[in-house]
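Residues per chain, in single letters:
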Amino acid sequence: MGFLNKLFGTTTKEEETMTNPKLKIGIILGSTRQGRVSPQVGEWVKGIADQRGDADYEIVDISEYNLPFLGTTDGTEPGIAAWNQKLASLDGFVFVVQEYNHSITGALKNAIDFAREAWYNKAAGIVSYGSTGGARAAEHLRGILGEVKVADVRTHPTLSLFTDFENGSVFKPADLHQTNMTAMLDEVIAWSGALKTIR
């Protein structure tokens, strides 16, 4: 049967899995401050994503890498190499972004700047939150991602500090965000798969 499949170009599900392993998507938490709510949002994203079964999703917390400010050390800290290795192992990203002073956090910008080729030719979705849904931070992030050759998808769940967080600290998303999350993940998977072919 295997010979006939090869002869006529058909493949079994098992063979497809072997030749096309699942994509690896990192859910990047963009805040490192004490009392942050990004871990709650990240777990929500992962919970929705894991139900899909179309990729391997993992939370990537930049706070765990102890990255120094770029240019202030000799660059030999182990977290820098570990950060680059983690990014290189991923096929795409979902950024959990909070708006600070109309932009992304300094910690996230610093983490992006600490890598280069590890970002190239990959796709990303953005989930943002803030007083205006984090929209301004997300727009800044799109410009930064373009410079490191990350293609950001259009669909963008925006979470309000006023309606999606109880007392500004307990994440309780409105049901409507599920639809946007699903659409965003559809795009991230499609684009990540397509861009993998040119790496």
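## Focus on the nonpolar core
Here is step 1: Counting residues in hydrophobic clusters, the biggest one holds 29 residues, and the most contacted among them are Ile-28, Trp-83, Phe-95, Trp-119 and Leu-141.
Here is step 2: Where this core is concerned, the elements lending two or more residues are helix H4 (78-88), strand E3 (92-98), helix H5 (106-113), strand E4 (122-130) and helix H6 (135-147).
Here is step 3: Top contributing element to this core by residue count: H6, with 5 residues.
Here is step 4: Among residues more than four places away in sequence, those in contact with Trp-119 are Ile-28, Trp-83, Leu-87, Phe-93, Phe-95, Ala-111, Ile-112, Val-148, Lys-149 and Val-150.
Here is step 5: Membership of the second largest hydrophobic core comes to 25 residues, among which are Trp-44, Ala-55, Val-94 and Ile-189.

## Digging into the side chain of Ser-31
Here is step 1: Among the secondary structure elements, Ser-31 is positioned in the loop between strand E1 (23-29) and helix H3 (38-50).
Here is step 2: One polar contact links the side chain of Ser-31 to the main-chain amide nitrogen of Arg-33, over a distance of 3.5 Å.
Here is step 3: In this structure the side chain of Ser-31 is engaged in a polar contact, spanning 3.3 Å, whose partner is the side chain of Tyr-100.
Here is step 4: With residues near it in sequence (within four places) discarded, Ser-31 still touches Arg-36, Ser-38, Asp-61, Gln-98, Tyr-100 and Thr-105.

## Side note on the pattern of salt bridges
Here is step 1: All chains considered together, the criterion is met by 13 salt bridges.
Here is step 2: Here Arg-199 and Asp-91 are joined by a salt bridge, their closest N and O atoms 2.7 Å apart. On the criterion of sequence distance, the pair formed by Arg-199 in the segment after helix H7 (177-196) and Asp-91 in the loop between H4 and E3 is long-range, its members being 108 residues apart.
Here is step 3: Its relative accessible area of 7% is what places Asp-91 among the buried residues.
Here is step 4: With its nearest N and O atoms 2.5 Å apart, the salt bridge here joins Arg-142 to Asp-152. Of the two residues, Arg-142 sits in helix H6 while Asp-152 sits in strand E5 (residues 150-152), which places them 10 residues apart along the sequence.
Here is step 5: Accessibility expressed as a relative area gives 16% for Arg-142, which makes it buried.
Here is step 6: Beyond isolated ion pairs, a larger network of salt bridges with shared partners links Arg-52, Asp-54 and Asp-186.

## Focus on the environment of Ser-128
Here is step 1: Tracing the backbone through its elements, the reader meets Ser-128 in strand E4.
Here is step 2: Between the alpha carbons of Ser-128 and Ala-138 there is a distance of 6.5 Å; along the sequence they are 10 residues apart.
Here is step 3: Not counting residues up to four positions away in its chain, the partners in contact with Ser-128 are Val-97, Gly-133, Gly-134, Ala-135, Ala-138, His-156, Pro-157, Thr-158 and Leu-159.
Here is step 4: A polar atom in the side chain of Ser-128 sits 3.4 Å from the backbone oxygen of Gly-134.

Criteria and thresholds
Residues numbered from 1 in each chain as written. Predicted model: local features only at pLDDT ≥ 70, side-chain atom pairs only at ≥ 80, totals over all residues. Heavy atoms only, no water. Core = buried A, V, L, I, M, F, W, Y, C linked by side-chain atoms within 4.5 Å. Buried < 20%, exposed > 50% of the residue type's maximum accessible area, 1.4 Å probe, protein only. Helix = DSSP H or I, 4+ residues; strand = E, 2+ residues; numbered from the N terminus. Contact = heavy atoms within 4.5 Å. Polar contact = N/O pair within 3.5 Å; in protein donor to acceptor, adjacent residues only side chain to side chain. Salt bridge = Lys/Arg side-chain N within 4 Å of Asp/Glu carboxyl O.

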